[in-house]
Amino acid sequence: MITVAGFNTSIDRWLNLKTLRPGEVQRTREVGCAPGGKGLHVAVTCATLGEAVRLVGIISKSEAAYVGKYLDDAGVIFQSVRVAGDLRDCLAIHEQSGRTTELLGPGPSLSRAESSALDSAALAGVMSEDIMVFSGSVPSDYPAFSYQNLIISARKLGAYAIIDSSGDLLREAITGCPDLIKMNAHEASELAGQRIDGKKQAIGFSKTLLGQGVGAVVVSLGASGAVLVTPSSAWVLAVPEIEVRSAVGAGDCLVAGIAVALSRKRPLDEAFQLGGACGAAKTRRIESGILEANDVNLLKDVVQVTRWQE
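Residues numbered from 1 in each chain as written. Predicted model: local features only at pLDDT ≥ 70, side-chain atom pairs only at ≥ 80, totals over all residues. Heavy atoms only, no water.

So, the overall build of the protein
Helices and strands together make up the secondary structure of the protein, namely 10 helices and 14 strands. For 310 residues, the compact-globule formula gives about 19 Å, and the C-alpha radius of gyration of the protein, at 18 Å, lands near that figure. Viewed in the frame of its principal axes, the protein has a C-alpha envelope of about 50 × 45 × 40 Å. Here the protein, with 310 residues, has 53% of them falling under the buried criterion. Long-range pairs, those at least 24 residues apart, make up 66% of the contacts in the protein with a sequence separation of at least 6. Accessible surface computed for the protein: about 13,800 Å², of which carbon and sulfur atoms make up 49%. Computed over 30 positive and 33 negative side-chain charges, the separation of the two mean positions in the protein equals 2 Å. (Helix = DSSP H or I, 4+ residues; strand = E, 2+ residues; numbered from the N terminus. Rg over C-alpha atoms; globule rule 2.2 N^0.38 Å. Buried < 20%, exposed > 50% of the residue type's maximum accessible area, 1.4 Å probe, protein only. Contact = heavy atoms within 4.5 Å. Areas by Shrake-Rupley, 256 points an atom, 1.4 Å probe, with all protein chains shown as cover. Lys, Arg positive; Asp, Glu negative; His and termini not counted. Charge placed at Lys NZ, Arg CZ, Asp CG, Glu CD.)

Comments concerning the nonpolar core
Counting 93 residues, the largest nonpolar core has I2, F7, V133, F134, I162 and M183 as its most contacted members. Among the elements that make up this core, the one with the highest residue count is helix α8 (residues 250–263) (9 residues). Apart from the residues within four sequence positions on either side, M183 is in contact with L170, A188, L191, F205, L209, V217, V218, V219 and S220. (Core = buried A, V, L, I, M, F, W, Y, C linked by side-chain atoms within 4.5 Å.)

Here's the deal with the state of the cysteines
In total, this model carries 0 disulfides according to the counting rule given. The structure places no disulfide on C90, whose sulfur is separated from the nearest cysteine sulfur, that of C33, by 11 Å. We classify C90 as buried; its relative accessible area is 8%. Unpaired in this structure, C253 has its nearest cysteine sulfur neighbour in C278, at a distance of 6.7 Å. (Disulfide = S-S within 2.5 Å.)

Brief notes about the sheet that holds strand β7 (residues 100–104)
The strand order across the open sheet formed by 4 strands is β3-β2-β6-β7, and the pairing between neighbours is mixed. At either end of the open sheet lies a strand with only one pairing partner, and these are β3 (30–36) and β7. Within the sheet, the average angular offset between the axes of one strand and its neighbour, ignoring direction, is 15°. With 7 bridges connecting them, strand β2 (residues 10–17) and β3 associate as antiparallel partners. Its bridge partner being in β3, R13 is matched across the sheet by C33. Strands β2 and β3 of the sheet are contacted by helix α2 (residues 64–74), whose axis makes an angle of about 90° with β3. (Pairing = 2+ DSSP bridges. Axes fitted to C-alpha atoms, helices over the stretch in contact; angles between N-to-C directions.)

A short note on helix α5 (residues 167–174)
Count 3.6 residues to each turn of an α-helix, and residues three or four apart come out pointing the same way. Among the residues of α5, G167, L169, L170, A173 and I174 are the ones counted as buried. Buried positions in α5, seen along its axis, are confined to an arc of 145° and lie on one side of it. Tucked into the core, α5 has its buried residues touching α4 (145–156), β9 (160–164), β10 (180–184), α6 (185–192) and α7 (199–210). (Arc of directions from axis to C-beta.)

Quick word on the pattern of salt bridges
A full pass over the atoms with the stated rule returns 16 salt bridges. Where R266 meets E270, a salt bridge forms, and the shortest distance between an N and an O atom there is 3.0 Å. Overall, R266 belongs to the partly exposed group, its relative accessible area being 42%. Using a relative accessible area of 34% as the deciding quantity, one classes E270 as partly exposed. Where E287 meets R285, a salt bridge forms, and the shortest distance between an N and an O atom there is 2.9 Å. If you follow the salt bridges from partner to partner, you end up with K38, D164 and D252 in one network. (Salt bridge = Lys/Arg side-chain N within 4 Å of Asp/Glu carboxyl O.)

This is the structure we're talking about:
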C-alpha cells in the first residue's frame, strides 16, 4: 500500500491564453477545474498506474462531495480530515509560449485538534514495507516539526518514507532522516544557499544531504532531466524531446512513479526511470498533475537512466 500525506488539498483552476498581458481585459481559450494539491496529484497518478493508494488530506464541508467523488472515480482511498475553513484555490495561467504563471491561495488555518487528526490519520494502518509519501505544503498553523515526527514514526513502523516539500518544512523533514528526498533545482538552491543549475552541482549537494542521514536524493532539473544520488552511486535521467503543454505537476508524477515502482519491489534506479516516464507523460496534458497511463507506457522504454561519470 502507498500512503500519501498530502495535507493541503486545493481546488486547481487553469486557463489557456495566447499571451498574458497584465492590466488588460483578455479572453481565454480554454478553462478547467479539478481537485488538486501535490499530494492529490501523487495519489491519482499512483492509482492511474494501477497501484493501491490512500490519500490523507483536509476537506471542507462545502467541497467534500466534489473532492470525494473525484478521488473515488480515480480509484484513490481518501482519508479526509474535516476542517472549519475552505480549501485553497490555485490558478495556473498557461500561455502559448509555454510560460506558466501560478497563483496559489493561502487555504485554511488549522486548530491543534485538526492538526493532530491529520497526524493520526496519516499513520493509521501503515505497515512494514509500505511506501509513505509526504508531499507538498501544509495548511497554515500546522506545526512543521510534526513532519519530522511523522517521518520518524513511519520509519519505525517499517515504511519507506519519501519527502517532496520545500523551505522550513523540508529542513524539518531532513532531520527525520527520510529514505528519499525529491527536490527541483529551485528548492535545492534554496536549501543549499547557492544556485544549483546543473547535474554536477545537484549531485554534489545531494551527497551533503546523504551525510546528514538522508537515504537517497532526487533533484529534477526541468528540460535537463534529473539526478538520483545514493550512498553507492549516482544516476542521471534524460527524457526524449516531446511537445510540452504544461509542466505543472510533473514533479508530483515523477514522485508517484518512483513510489509505484518501489511498492512493486523494483530497484531504485528502475524506480527513477518509471518516475521520469511519468513526469514526461504529464507534460503532454495541460491539467495540473494528471497523466495518461498509455503515455507512460510509450515513454518508459525511451527514458534513459545511466550512471554518472564526470
